[in-house]
Every structure is written in C-alpha cells, then in structure tokens.
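What follows is the residue order along each chain.
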Amino acid sequence: MGLNASLCLFSLTSLLIFFSTATTADNITLAFEKYSNFSTMNDLLIKTKLDIPISKYLTITLLAVSNDAITPIINRSDVEVKNILMNHVILDYYDEIKFKGMKEKSIMLTTLYQTTGLGEEMNGFLNCTKSKGRVYFGSGVKGSPLVAEYVKALYDNPYNMSIVQISMPIVAPGLSLAIFPPPPPPAPPTPSPSPSPMNAAKAPGPGPDDEDNASDTAVPKHTPATETTEVDSPAPTPSADNEKIEAADKAGSSSPACKTGLSFDVVLLLLFFARFAGL
C-alpha cells in the first residue's frame, strides 16, 4: 500500500514537471509567432535547439531582438549564434514594471550561458544599468560598453516568463566578434534666423527717391555736347567810376611833365638875373 502510494506520488510529480516545462517552451514559441517582426530570432532558437534547455526553467526573461537588428549575427557559426542567444536568456523574471521601477544603479543578471560552465571573466552575466530613466544592457565583463537599450515589453506571464525587446544583440567578449551601436546621425545644419513678421513690417522699403538715386549712381547720365555760336556783343559802356579812374590816371601821368617845365623856367630866370648883374 505504501509502495503504491509512493509510485503514484512520483508519477504525479513527474507529470507536473513535464507539463510545466512543456508549457514554458511552448509559450516562447507561441509568443514569438504573434510578432512577425521577431520571426528570425524565433527561427534561430529552434535551429540551435535552445528551446529545449529553456524549457527546464519555469522563471526566465528573454531579451528579444527584431529582425532588422539581429542581422549582424545570423551569418555567424552555429556555435557562436547559440552562445550569443544563451546570453539573452535571463534566469529570473523581469517585466516592464520591474525594469521601470529600478533605481538609478547597475545590477548583474545571470544568463543561461553561465550554466554551461564555460563562462569566463563574467561573460555569462549581463550588466543592467538604469540611467536618467532609461535601461541599458551590456556584457558583465569589466569595461564592456552598454550597447543595447530596453525598448518595450512583448509578452509576460507574471513570475514565469517575460519577453522584452532590446535595441540590438549583446555579444560578450570571448563568444564572438563584438557588435557596437551605429554612430548617431549628423546633426542638421542650424538655419539662419529669419526676421520676425514684426521686424519685416517695420523695415522700410525702397522709396521713389531711393530708386532715383540708385539709378543715378548705377548709370551715369551723359549730357550731349552742343556747339555754341559766338555772338558779337556790344562793348560795355564805361560807367562814371571808370571815368574818374581814367581822369586820375591822366592827371597822374601829366604831373611829372608839368614839374619838369616849371623847373626849366626857373633856371632860365636865374641865369638872366645873373647875367644882368654882371653887366
């Protein structure tokens, strides 16, 4: 009786474990099927048979990458792809509420790759950092950059499984060639400030006088040369002032001659008296 009870209990426990693990694995596949933009990652999980080890865990968080963002790793070897994807399976439950409720700090998250025993220098862990209200992810290896950013929640079954989207794959050192985020686009040139409508209304427009001055300056006017005819004009009539000036000139010019004639008469007179006295 006791043996039968033990066998029944063991069978029941085995069935519960089987159905619980099967439900977890199926939920991952079904959750991705609802989002065609994540079909590539879903195919890679099935191709690398990661759905089998994932089904062993009842509590996981999967960091999903969209079809466009996952392209840098799809052409790598099967081993590299598998190791990279295992680093996107967190062995704990984190949904949107927990990520957004984090304090401004960094925490280390254990991934499925750490369970393989191949982890070196913390490359089986992820660094999850919240800064200025945004959540970033990177490898747990010291000095590794935070390359991915939390985007949004895709699926959650509280305390069982959560799938959230991140911006790009996380490649830990030692697993494959690192992937870095693309540089930000160049900033557009700053347009020159245009005058406000008020200033444009106050600015005076060119007036008629300004246009005439501008035209005079730009195109000098040439006055045509005309032949001038000489006209014989009558001589000017001398005025009274001119007559006085001429009379004075004549008087001035005749006065020396008068003085010369007078002195000659005096000499003759003196000679006459001298001769008379001698007689």
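The structure presented is a predicted model; accordingly, all values stated were derived computationally and were not measured. (Residues numbered from 1 in each chain as written. Predicted model: local features only at pLDDT ≥ 70, side-chain atom pairs only at ≥ 80, totals over all residues. Heavy atoms only, no water.)

Student: Which parts of the structure should I look at to understand the pattern of salt bridges?
Tutor: Opposite charge on two side chains permits pairing when their charged atoms draw close. Applying the stated criterion across every chain yields a total of 3 salt bridges. Ionic pairing is found between aspartate 78 and lysine 47, a salt bridge with its closest N-O pair at 3.8 Å. Residue aspartate 78 is found in helix H4 (residues 78–86), and its partner lysine 47 is found in helix H2 (residues 39–47); the two are separated by 31 residues along the sequence. Linking lysine 100 and glutamate 96 is a salt bridge whose minimum nitrogen-to-oxygen distance equals 3.0 Å. Of this pair, lysine 100 and glutamate 96 both sit in helix H5 (residues 96–100), 4 residues apart, which is roughly one turn of that helix. (Salt bridge = Lys/Arg side-chain N within 4 Å of Asp/Glu carboxyl O. Helix = DSSP H or I, 4+ residues; strand = E, 2+ residues; numbered from the N terminus.)

Student: Just checking my understanding: could you explain the pairing of strand E4 (residues 125–131) for this structure?
Tutor: Residues in a regular strand project their side chains so that they alternate between the two faces of the sheet. Along E4, 6 of the 7 residues are buried, which leaves the element largely enclosed by surrounding structure. Note that strand E3 (residues 106–110) and E4 share 5 bridges and pair antiparallel. Note on E4: the bridge partner recorded for isoleucine 107 is cysteine 128. When E4 meets strand E5 (residues 134–139), the two strands line up antiparallel, connected through 6 bridges. Note on E5: the bridge partner recorded for leucine 126 is serine 139. Here E4 folds back onto E5 in antiparallel fashion, the turn holding 2 residues, of which lysine 132 has a positive phi close to 55°. (Buried < 20%, exposed > 50% of the residue type's maximum accessible area, 1.4 Å probe, protein only. Pairing = 2+ DSSP bridges.)

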